[in-house]
Amino acid sequence: DLRETSGFELNRENPWFVLFEKQLKLYKKAAEGKFGISHFILINGLNFLFEIRGATDTYYDVLENPVLTRSVMEFSYKLNVWVQETFFNRIGLYDGGTCSNMAQWIPGRIVSESVDPFHLTSAGMFEEWGRSPIEKVFAHFDGGIIHIHTNGYHLLSNAADIKGLKCIYMVDEDFGTQAYERICELDSKRKSIPLSLSIPWDIFKAKLDKKELPPNILYNVSGVPDVKQANTLMQEVWGYRA
């Protein structure tokens, strides 16, 4: 029942939070001087309701009980800020920035958000229910990144206007076309926001030769034959102009 959320509170003694802090301590000790530790995704806004209510009930909540829904979303903001602040306080920054499993590294304290609940809705619903919570948490930190799945491409133009957004990671699925196959379409909709996407070695190399790779995109190249060929190709990448 959505009304049960009125009893939610932040509890440092919660066993899951205790385990979380323990994990952070162990990871930092193991990583010291060897590698960076990535931030992890928020479960904020309607994403939080998805977890405690399920997707279908969440959509009904938005329609039938919007006031209480927004109240739960406000709690989720406090919870996520608490968890992310704990992460940064325990882990710290890597060379002045945040390591990211979706965008490699970005300067400052950067968080990772999700627009997943709106992949099955209109862009208008994202504007009403998604934009404000994301911009609020981005403003608390030094900005953030989001990811968009194959069935959420219709959100790209709206998402590109999110205040504080640093990058959009385009997630490939087994269904539908891959992001690199629609790269011109995506390039026309992302405005000035950098994208991150995956692309096979042979296709990346062919597009590089033909100067068909839009700039301001982080290309995660898969299937690289070996280190030598990768280093050789990087010489072309450094001098590349579309």
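Here, the structure is the one placed above.
So, a few notes on the structure that sits alongside this text.

Parameters at a glance
- Residues numbered from 1 in each chain as written.
- Predicted model: local features only at pLDDT ≥ 70, side-chain atom pairs only at ≥ 80, totals over all residues.
- Heavy atoms only, no water.
- 1 Å grid on protein atoms, 1.4 Å probe; cavity = no way out; pocket = protein on both sides within 12 Å on 5 of 7 lines; lining within 4 Å.
- Points joined across faces, edges and corners; volume = space filled by probe spheres on them.
- Helix = DSSP H or I, 4+ residues; strand = E, 2+ residues; numbered from the N terminus.
- Nonpolar A, V, L, I, M, F, W, Y, C, P; charged D, E, K, R; others polar.
- Buried < 20%, exposed > 50% of the residue type's maximum accessible area, 1.4 Å probe, protein only.
- Arc of directions from axis to C-beta.
- Contact = heavy atoms within 4.5 Å.
- Core = buried A, V, L, I, M, F, W, Y, C linked by side-chain atoms within 4.5 Å.
- Axes fitted to C-alpha atoms, helices over the stretch in contact; angles between N-to-C directions.
- Parallel < 35°, antiparallel > 145°, perpendicular 65-115°, else oblique.
- Left-handed = near helix turned anticlockwise from the far one by under 90°.

**Considerations on empty space enclosed by the protein**
Here is step 1 of the chain: Per the stated rule, a full pass over the model turns up 1 cavity of 30 Å³ or more.
Here is step 2 of the chain: By volume, the largest cavity is sized at about 60 Å³.
Here is step 3 of the chain: Broken down by secondary-structure element, the contributors of at least two residues to the lining of the largest cavity are helix H2 (46-53), strand S3 (111-114) and helix H6 (131-140).
Here is step 4 of the chain: Taken together, the residues of the lining of the largest cavity break down into 6 nonpolar, 5 polar and 1 charged.

**Examining helix H9 (residues 201-209)**
Here is step 1 of the chain: Listed as buried for H9 are Trp201, Phe204, Lys207 and Leu208. End-on, the buried residues of H9 take up no more than an arc of 140 degrees, which puts them together on one face.
Here is step 2 of the chain: Each element contacted by the buried residues of H9 is listed here: strand S6 (195-200), strand S7 (217-222) and helix H10 (227-238).
Here is step 3 of the chain: One or two positions beyond H9, positive phi appears at lysine 211, with a value near 60 degrees.

**So, the nonpolar core**
When a protein is soluble and globular, its nonpolar side chains tend to lie buried together.
Here is step 1 of the chain: Ranked by internal contacts, the top residues of the largest apolar core, which has 59 residues, are Ile146, Ile148, Ile168, Met170 and Leu197.
Here is step 2 of the chain: It is helix H4 (residues 66-91) that provides the largest number of residues to this core, a total of 10 residues.
Here is step 3 of the chain: Counting 8 residues, the second largest nonpolar core, distinct from the first, contains Met102, Ala103, Tyr169 and Val171.

**Thoughts on the packing of H4 against H6**
Here is step 1 of the chain: Look at H4 against H6: their axes get within 11 Å of each other, and the N-to-C directions meet at 30 degrees. It follows that H4 is roughly parallel to H6 by the angle criterion. Every pair of crossing elements has a handedness; the one defined by H4 and H6 is right-handed. Residues Met73, Glu74, Tyr77, Val81 and Glu85 of H4 form the contact with H6, whose own contacting residues are Pro133, Lys136, Val137 and His140.

**Concerning the packing of helix H1 (residues 15-31) against H4**
Here is step 1 of the chain: Packing of H1 against H4 leaves a shortest axis separation of 9 Å and a crossing angle of 30 degrees. The angle between the axes of H1 and H4 places the two elements in the roughly parallel class. In this structure, the crossing between H1 and H4 has a hand that is right-handed. Note on element contacts: H4 touches H1 through Trp82, Val83, Thr86, Phe87, Arg90 and Ile91, opposite Phe17, Phe20, Glu21, Leu24 and Lys28.
Here is step 2 of the chain: Along the lines of polarity and charge, the residues of the contact of H1 with H4 split into 7 nonpolar, 1 polar and 3 charged.

**Thoughts on the layout of surface pockets**
Here is step 1 of the chain: In this structure, the largest pocket encloses a volume near 520 Å³.
Here is step 2 of the chain: Around the largest pocket, the lining comprises 19 residues; the ones closest to its centre are Trp16, Phe17, Leu79, Trp82 and Val83.
Here is step 3 of the chain: In terms of residues, the lining of the largest pocket owes the most to one element, H4, which gives 6 residues.
Here is step 4 of the chain: For the lining of the largest pocket, the per-class residue count stands at 13 nonpolar, 4 polar and 2 charged.
Here is step 5 of the chain: For the second largest pocket, the calculated volume is near 410 Å³.
Here is step 6 of the chain: Mapped by element, the contributors of at least two residues to the lining of the second largest pocket are H9, S7 and H10.
Here is step 7 of the chain: Class assignment of the residues belonging to the lining of the second largest pocket gives a composition of 18 nonpolar, 1 polar and 1 charged.

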